Amino acid sequence: MSLNDFFNKTKLCLSCQLVSTALMTMPLMSPVYAQPVSFEGERVQVTVPYKEGGGTDTWGRFFGP
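A brief structural summary. (Residues numbered from 1 in each chain as written. Predicted model: local features only at pLDDT ≥ 70, side-chain atom pairs only at ≥ 80, totals over all residues. Heavy atoms only, no water.)

Scanning the protein chain for helices and strands turns up two helices and zero strands. Evaluated residue by residue, the protein chain yields a buried proportion of 2% over its 65 residues. (Helix = DSSP H or I, 4+ residues; strand = E, 2+ residues; numbered from the N terminus. Buried < 20%, exposed > 50% of the residue type's maximum accessible area, 1.4 Å probe, protein only.)

As structure tokens, then:
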């Protein structure tokens, strides 16, 4: 492997890292905001797929009204 090949591979690797970093940070810079939602006066039903008394049931009851 010559020194020139080494530097070409290093430049390619560095450019790939820069491009992937830029692509990963783009969603963080976009101005997307969640719209407020109100479920006041509506019934929300949560289906817990395990029997009562377990951990999942406890969390479901904790988050319920």
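There is more to say, and it comes next.
So, on to the packing of aromatic side chains. Summed over all chains, the structure comprises three aromatic pairs. Summarising the aromatic geometry, the rings of W59 and F63 are spaced 5.5 Å apart at their centres and angled 25 degrees between planes, so their arrangement reads as stacked. Separated by four residues within a single helix, W59 and F63 lie in helix α2 (residues 55-63), roughly one turn from each other. Residue classification places F63 among the exposed residues on the basis of a relative accessible area of 63%. Connected via pairs of aromatic rings, a cluster forms that spans W59, F62 and F63. (Phe/Tyr/Trp six-rings, centres within 6.5 Å; stacked < 30°, edge-to-face > 60°.)

What follows concerns the layout of surface pockets. Approximately 270 Å³ is the volume attributed to the largest pocket. Tallied by class, residues from the lining of the largest pocket come to six nonpolar, three polar and three charged. (1 Å grid on protein atoms, 1.4 Å probe; cavity = no way out; pocket = protein on both sides within 12 Å on 5 of 7 lines; lining within 4 Å. Points joined across faces, edges and corners; volume = space filled by probe spheres on them. Nonpolar A, V, L, I, M, F, W, Y, C, P; charged D, E, K, R; others polar.)

As a further point, take the pattern of salt bridges. Under the counting rule described, the total for this entry stands at one salt bridge. As a salt-bridge pair, R61 and D57 come within 2.9 Å of each other at their nearest N and O atoms. With R61 and D57 both in helix α2 and four residues apart, this pair spans about one turn of that helix. (Salt bridge = Lys/Arg side-chain N within 4 Å of Asp/Glu carboxyl O.)

With a relative accessible area of 12%, D57 lands in the buried category. Separated by 2.9 Å, the side chains of D57 and R61 make a polar contact. With near-sequence residues (within four places) excluded, D57 lies in contact with V48, K51 and E52. (Polar contact = N/O pair within 3.5 Å; in protein donor to acceptor, adjacent residues only side chain to side chain. Contact = heavy atoms within 4.5 Å.)

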